[in-house]
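One letter stands for each residue in the lines below.
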Number of protein chains: 2
Amino acid sequence: MTDKDLTIQQVAGLTGLSVHTLRYYEKIGLMEPIRRAKNGHRSYHMDDMEWIRLIVRLRSTGMPIVEMQRFADMMRMGNAGISRRRALLEEHEQKLMLQAKELEDTLAVLRDKIAYYRAWESGEHSG
Amino acid sequence: MTDKDLTIQQVAGLTGLSVHTLRYYEKIGLMEPIRRAKNGHRSYHMDDMEWIRLIVRLRSTGMPIVEMQRFADMMRMGNAGISRRRALLEEHEQKLMLQAKELEDTLAVLRDKIAYYRAWESGEHSG
DNA sequence: GTACAACTTAGAGTGCACTCCAAGTCAATA
DNA sequence: TATTGACTTGGAGTGCACTCTAAGTTGTAC
């Protein structure tokens with residue numbers, strides 16, 4: 001309705017999700033039903049955007065959809081769900097810290113091998 | 001044959017892969033055909049282990065199987081494949097650096113929300 | 001000798017997260 | 001008035017990476 005509302009296409013552009021995925025996430029209850037314009041089209045508001053950006057973050061760092069659904073359910077419980085929401089986020093935090101460690105380890109292995117290959121390549125050159 | 005050889009079960013235990021997955025990886029050419037004992041059972045050697053640990057690392061940091069297959073093919077090319085192997089690892093390195101950044105950003109968001117929830121919870125307590 | 005466990009194979013089945021399709025509605029433009 | 005394009009829906013299809021099944025073989029323990 002107002003200037004600030006966004007079409008599904010625009011939200012896709014802003015979030016990196018496809019329009020298919022946006023509809024899919026709504027269908028499976030990962031988002032509250034989005035308000036519709038008079039013609040039936042989805043009309044995304046700023047609060048929707050904030051939530052979408054959060055779940056995009058959670059997804060891209062490996063949280064499975066069922067877990068995000070649980071989180072969404074806890075949002076619907078209002079204040080009653082706050083400590084459970086915190087627990088869920090803390091669990092994800094722990095996983096991310098492990099992930100970060102593994103990532104650093106793998107980066108070290110990669111750099112080692114790259115250096116080795118590079119040395120071999122320049123030896124080949126002069127040999 | 002020697003004491004150092006390992007059964008598929010042992011390799012599964014050491015690498016975290018299932019025996020199913022180990023056979024699957026061999027079938028799709030992600031590993032060279034593993035030597036067989038007289039009874040036809042797979043007999044893993046130390047060089048196999050090193051390779052398996054590498055591909056486990058690459059998988060767990062998000063490299064798709066087709067890409068690891070390409071890498072395995074380059075291994076079979078011997079020295080001729082070295083610079084292409086380096087290029088592939090450098091590409092993965094770039095992706096991991098982006099991944100690490102996103103992970104840190106998400107950790108920051110998570111900690112922010114956790115702190116917010118925690119504050120709310122203690123307010124609730126005393127209020 | 002027979003039960004059992006650990007292995008073998010080809011191929012079928014599963015779970016996840018999308019991704020697409022067909023048919024229809026609506027508003028604007030030629 | 002007819003076409004275009006962006007949207008709507010329920011439901012089917014896809015791709016990836018396993019994961020499991022069925023049937024068979026082999027070696028050890030009772």
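The structure presented is a predicted model; accordingly, all values stated were derived computationally and were not measured. (Residues numbered from 1 in each chain as written. Chains lettered and ligands numbered in written order. Predicted model: local features only at pLDDT ≥ 70, side-chain atom pairs only at ≥ 80, totals over all residues. Heavy atoms only, no water.)

A word on the layout of surface pockets
The test is simple: A cavity here means a set of points on a 1 Å grid, drawn over the protein atoms and nothing else, where a 1.4 Å probe fits but cannot get out; a pocket is an open set with protein on both sides within 12 Å along at least five of seven lines, and a residue lines either one if it has an atom within 4 Å of a point. Grid points are joined across faces, edges and corners, and a volume is the space filled by probe spheres set on the points. A run of H or I in DSSP counts as a helix once it spans at least four residues, and a run of E counts as a strand once it spans at least two, with each numbered from the N terminus. Throughout, the ten residues Ala, Val, Leu, Ile, Met, Phe, Trp, Tyr, Cys and Pro are labelled nonpolar, Asp, Glu, Lys and Arg are labelled charged, and all others, Gly among them, are labelled polar.
Here the largest pocket defines a volume of roughly 500 Å³. Taken together, 18 residues line the largest pocket, and the ones lying closest to its centre are Asp 47, Glu 50, Trp 51, Leu 54 and Met 75 of chain B. The set of elements that each furnish at least two residues to the lining of the largest pocket consists of α5 (82-126) of chain A together with α3 (46-60) and α4 (65-76) of chain B. A per-element tally of the lining of the largest pocket places α3 of chain B first, with 5 residues. Taken together, the residues of the lining of the largest pocket break down into 10 nonpolar, no polar and 8 charged. If you go around the second largest pocket, you meet 13 residues; those closest to its centre are Glu 50, Trp 51, Leu 54 and Met 75 of chain A together with Lys 113 of chain B. Looking at the lining of the second largest pocket, the elements that each hand over two or more residues are α3 (46-60) and α4 (65-76) of chain A together with α5 (82-126) of chain B. Take the lining of the second largest pocket: its biggest share by element is 6 residues, from α3 of chain A.

Notes on the confidence of the model for chain A
Using the following cut-off: Scored from 0 to 100, pLDDT records how confident the predictor is in each individual residue.
Per-chain confidence: chain A averages 95 in pLDDT, with 95% of residues scoring 70 or above. Averaged pLDDT values over the elements of chain A bottom out at 95 in α5 of chain A and peak at 98 in helix α2 (residues 19-27) of chain A.

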